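Results of the structural survey
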Amino acid sequence: MVQQQKSPWKIAVAAPTAVLVLGFVGVAALAPRWLGDILKDANTSVVNDLGWYYSLIVAGFVAFALLVAFGPYGNITLGKDDDPPAYSLVSWFAMLFAAGMGIGLVFWGVAEPLSHYASPPPGTPADTPDAEKAQAAMTTSFLHWGLSAWAVYIVVGLAIAYTVHRKGRKVSLRWALEPLFGRHVRGWIGDVVDVFAIGTLFGVAASLGFGASQFSAGLEHLGILQSNIWVLMVVIVIITSLATCSVLSGLDRGIKWLSNTNLVLAAVLAIAVLVLGQPLFVLREFVQTIGDYMSNFVSLSFRTLPYQGTPGETWLGSWTTYYWGWWISWSPFVGIFIARISRGRTVREFVMGVLAVPALVTFLWFSIMGGTALWQQLYGPGNIVSDGKVNSVTALFEVLNHLPANTVLVVGFLILLVIFFVTSADSAAFVVDMIATGGEQNPPVLTRVMWAVLGGGIAAVLLWGGASSGDLTAGLGALQTMTILAAAPFSVVMVLACIATLRAFSREHRQRLKLENQILHREMAEHVVDKVTEQVTESVVDHLEDQVITVVDESSDTSPKVRKPLRIKLRRRKGRESEHSKK
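Note that the coordinates shown come from a computational prediction; the quantities given were computed from them, not determined experimentally.

Reading the values: rules and limits
Residues numbered from 1 in each chain as written. Predicted model: local features only at pLDDT ≥ 70, side-chain atom pairs only at ≥ 80, totals over all residues. Heavy atoms only, no water. Helix = DSSP H or I, 4+ residues; strand = E, 2+ residues; numbered from the N terminus. Buried < 20%, exposed > 50% of the residue type's maximum accessible area, 1.4 Å probe, protein only. Areas by Shrake-Rupley, 256 points an atom, 1.4 Å probe, with all protein chains shown as cover. Phe/Tyr/Trp six-rings, centres within 6.5 Å; stacked < 30°, edge-to-face > 60°. Lys NZ or Arg CZ within 6 Å of the ring centre and 35° of its normal. Contact = heavy atoms within 4.5 Å. Salt bridge = Lys/Arg side-chain N within 4 Å of Asp/Glu carboxyl O. Core = buried A, V, L, I, M, F, W, Y, C linked by side-chain atoms within 4.5 Å. pLDDT = per-residue confidence, 0-100. Expected span 1.5 Å × (residues − 1). Patch = residues over 30% accessible without salt bridge, like charges linked within 9 Å, V, L, I, M, F, W, Y side chains within 5 Å. Lys, Arg positive; Asp, Glu negative; His and termini not counted. Charge placed at Lys NZ, Arg CZ, Asp CG, Glu CD. Axes fitted to C-alpha atoms, helices over the stretch in contact; angles between N-to-C directions. Parallel < 35°, antiparallel > 145°, perpendicular 65-115°, else oblique. Left-handed = near helix turned anticlockwise from the far one by under 90°. Nonpolar A, V, L, I, M, F, W, Y, C, P; charged D, E, K, R; others polar. Polar contact = N/O pair within 3.5 Å; in protein donor to acceptor, adjacent residues only side chain to side chain.

Below, the discussion takes up the overall build of the chain. Helix and strand counts for the chain come out as 21 helices and 2 strands. When burial is assessed residue by residue, the chain has 51% of its 583 residues classed as buried. When the accessible surface of the chain is summed, it comes to about 26800 Å², and 63% of that surface belongs to carbon and sulfur atoms.

Take a look at the structure:
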């Protein structure tokens with residue numbers, strides 16, 4: 001009898017995901033404008049109506065991260081108590097940073113501060129000095145890319161890291177809810193949660209498509225190629241091929257090596273822009289913006305612009321609320337990945353490593369790139385902002401154009417983009433395949449290759465469909481909007497994950513306290529017994545000292561008159577006596 005080979009995938013998760021992905025991509029490729037308009041209307045309603053909710057829960061996620069880090073749960077190890085960290089500190093930082101931000105830093109590092117400067121939030125007085133608008137622009141950029149973004153990732157990452165490494169569960173979002181739903185997460189509830197997680201592939205594909213647009217714009221800036229649909233197709237094919245090679249090399253080689261390279265190259269380019277630009281201005285602005293961000297963090301986090309009407313809703317929907325939805329939609333991918341590489345870290349190490357360090361590096365990056373761009377706009381050659389608008393695709397290259405050795409810098413940033421592309425595609429394929437296979441920490445290489453190719457294929461198909469309709473990025477825009485819409489229901493899963501994690505931590509903390517109390521009571525009892533025994537012994541010795549004991553041998557056959565008594569005089573031993581005198 002021939003045994004049927006078991007499918008590597010969990011059918012209840014992989015099949016619905018495949019239907020949703022392929023069906024949506026097909027519609028987006030054939031009718032990108034129509035689908036984009038429908039999703040845009042739906043997204044506007046969701047974002048505008050739920051903006052207050054997103055702001056509230058994201059602030060709550062920051063509070064959750066600080067609570068578990070500095071509360072009584074900070075010493076819990078994400079693994080066995082004696083497990084060492086799976087990766088060195090530098091490699092760990094590099095991998096989580098590359099997965100968490102990646103392409104977005106290169107794309108928005110210059111464009112976002114300039115955009116906030118050119119179009120400040122509604123309610124900003126018309127006579128606001130340019131310097132104040134520039135400072136507000138930097139602070140708002142810090143808000144969108146700082147602690148709040150990484151706190152969103154911590155919610156998912158910590159919940160999964162605890163269940164996987166501490167409790168021995170498989171890598172799946174469903175197990176994060178086990179403290180609340182118990183065995184029910186094994187059924188359809190868990191399947192639905194995992195399908196949402198695999199939907200992250202939408203966001204990765206959209207980022208690849210937009211990143212390819214920026215890469216081709218860089219090639220055009222260098223005069224190498226004219227940006228068109230065929231160039232974009234070639235770029236995506238090359239990036240997908242490199243991602244496939246990285247997948248084949250494995251996690252400990254491919255992603256780890258690329259992430260370390262990413263970190264070094266990004267640091268070199270940032271230092272080069274800093275030194276060749278305005279180092280004193282950037283460093284002063286970096287310090288001042290951190291202070292402004294920390295001083296206004298609470299008010300900015302809860303800013304919903306209720307008195308600005310429709311303009312306020314539109315601005316929030318385009319920026320703050322949009323970002324909160326975007327980070328939530330990416331949290332399954334980033335959270336699962338950083339959970340996978342965080343075995344052996346304590347909860348406090350995990351939170352501080354994921355929250356503080358990447359946020360500071362992100363702040364420095366935005367200060368260097370955005371600060372240099374604002375200086376050029378305010379005090380330098382200018383012309384980056386045109387008619388109150390900023391071209392987000394070419395803004396980076398326009399800033400580099402005003403620096404010495406600009407050609408070398410552009411080439412360096414294009415290489416950085418490619419490495420970020422490959423890292424994101426490889427990480428996404430790894431995470432998606434872990435979920436699709438039911439939580440295997442080391443899924444089959446061939447299925448990971450399939451997911452990497454599928455991500456690049458989705459981006460290519462949507463770009464082709466958009467070009468055919470006359471709007472190159474229409475399909476990608478629809479895909480990006482769909483990702484943001486999916487964040488609304490998934491945010492409920494994240495809130496439940498916070499409650500479940502706190503419940504699990506509290507249960508373990510109570511058990512630990514109970515065990516510690518039992519050990520303490522046993523040690524105290526042993527100590528009391530030892531002290532009582534010592535005191536009784538001392539008392540007996542003191543009482544009998546210098547006493548004479550007469551011993552008569554009654555068993556002797558001699559007459560009692562003839563028997564001689566044996567007299568024994570008790571004396572304290574010298575060692576015992578000296579020990580007693582010391583006391």
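Further remarks concern the packing of aromatic side chains. This model, assessed by the stated rule, comprises 25 aromatic pairs. Consider the rings of W52 and Y53, whose centres lie 6.1 Å apart with planes at 70 degrees: the pair is edge-to-face. Above the face of the Y117 ring, K133 is positioned so that its terminal group lies 5.4 Å from the ring centre. Lying across the ring of W92, R345 places its NZ or CZ 4.6 Å from the centre.

This brings us to the environment of V461. Here V461 shows up in helix α19 (residues 445-469). Taking C-alpha positions, V461 is 8.7 Å from A28, a pair spaced 433 residues apart along the chain. Excluding residues within four positions of it along the chain, V461 makes contact with V25 and A29.

Relative to the helices and strands, T163 resides in helix α6 (residues 147-166). Ignoring any residue separated from it by four or fewer positions in sequence, one finds T163 in contact with G168, R169, W175 and A176.

Here the focus is the pattern of salt bridges. Any two side chains of opposite charge can pair, given that their charged atoms come close. Across all of its chains, the model carries 6 salt bridges by this definition. Two residues, D81 and R166, come together in a salt bridge whose shortest N-O distance is 2.8 Å. Taken together, the residues span a long stretch of sequence, with D81 in the loop between α2 (32-70) and α3 (89-100) and R166 in helix α6 at a distance of 85 residues. Classification of D81 as exposed rests on a relative accessible area of 57%. Here D83 and R343 are joined by a salt bridge, their closest N and O atoms 3.3 Å apart. Here R343 lies in the loop between α15 (320-340) and α16 (347-379) and D83 lies in the loop between α2 and α3, a separation of 260 residues in the sequence.

This part covers the nonpolar core. Counting 148 residues, the largest nonpolar core has L158, W327, F350, V351, W365 and F413 as its most contacted members. A per-element tally of this core places helix α18 (residues 406-436) first, with 17 residues. Counting 11 residues, the second-largest nonpolar core is a separate cluster that includes V21, F24, L39 and A205.

All right, on to the confidence of the model for the chain then. Overall, the predicted model of the chain reaches an average pLDDT of 82, with 84% of residues at or above 70. Here helix α21 (residues 574-582) stands out as the element of the chain with the lowest mean pLDDT, 49, in contrast to helix α12 (residues 279-295), whose mean of 97 is the highest. Contacts of residues 1-6 to residues separated by more than four positions or lying in other chains number 0 contacts, the stretch itself having pLDDT below 50. Confidence drops under pLDDT 50 across residues 578-583; counting only partners more than four residues distant or on other chains, this segment forms 5 contacts.

For the rest of this paragraph, the subject is unusual backbone geometry. In the Ramachandran plot, L305 falls in the positive-phi region, its phi being about 50 degrees despite a non-glycine side chain. Along the chain, L305 falls in the loop between α13 (297-301) and α14 (309-318). According to the relative accessible area criterion, L305 is buried, its value standing at 13%. A positive phi is found at A405, a non-glycine position, where the angle reads about 55 degrees. Assignment of secondary structure puts A405 in the loop between α17 (395-400) and α18. A residue is classified by how much of its surface remains accessible, and A405, at 48% relative accessible area, is partly exposed.

All right, on to helix α10 (residues 229-249) then. End to end, α10 covers 30 Å across 21 residues, agreeing with the expected 30 Å (1.5 Å per residue, within 8%). Among all positions in α10, only I229, V231, L232, M233, V235, I236, I239, T240, A243, T244, S246 and V247 are buried.

Taking 1.5 Å per residue as the helical rise, helix α5 (residues 130-145) with its 16 residues ought to reach 22 Å, and the 23 Å between its terminal C-alpha atoms agrees with that figure. Residues of α5 that are buried include every one of A134, Q135, A137, M138, T139, T140, S141, F142, L143, H144 and W145, and no others.

This paragraph deals with a positive patch on the surface. A cluster of like positive charges, contributed by K167, R503, R507 and R510, occupies part of the molecular surface. Note on placement: R507 falls in helix α20 (residues 474-544).

Running from N to C, α5 and α12 cross one another at 65 degrees; their axes reach a closest spacing of 9 Å. The angle between α5 and α12 places the two elements in the roughly perpendicular class. As α5 runs across α12, the sense of the crossing is right-handed. Two secondary-structure elements touch here, α5 through Q135, M138, T139, F142 and L143 and α12 through E285, Q288, T289, I290, D292 and Y293.

The next point concerns the packing of α5 against α15. Where α5 contacts α15, the axes come no closer than 9 Å and their chain directions differ by 25 degrees. One element, α5, and the other, α15, form an angle in the roughly parallel class. In this structure, the crossing between α5 and α15 has a hand that is right-handed. Across the interface between the two elements, L143, H144 and W145 from α5 touch T320, Y323, W324 and W327 from α15. Partitioned by chemical class, the residues of the contact of α5 with α15 number 5 nonpolar, 2 polar and no charged.

With that settled, consider a nonpolar patch on the surface. On the surface, a cluster of nonpolar side chains totalling about 440 Å² of accessible area is made up of W52, L56, V298 and F302. Along the polypeptide, F302 turns up in the loop between α13 and α14. Given a relative accessible area of 44%, F302 falls into the partly exposed group.

A few words on the environment of V385. The topology assignment puts V385 in the loop between α16 and α17. Along the primary structure V385 and S115 are separated by 270 residues, whereas in three dimensions their C-alpha atoms are 8.1 Å apart. Among residues more than four places away in sequence, those in contact with V385 are L114, Y117, A118, Q377 and V390.

Attention now moves to the environment of G146. With respect to the helices and strands, G146 occurs in the loop between α5 and α6. Put simply, G146 and F363 are 217 residues apart on the chain and 7.2 Å apart in space, counted from C-alpha to C-alpha. Setting aside chain neighbours within four positions, we find G146 in contact with Y293, A359 and F363.

Relative to the elements of secondary structure, S115 occurs in helix α4 (residues 103-118). A polar atom in the side chain of S115 sits 2.7 Å from the backbone oxygen of A111. Once residues within four sequence positions are removed from consideration, S115 is found in contact with W319 and V390.

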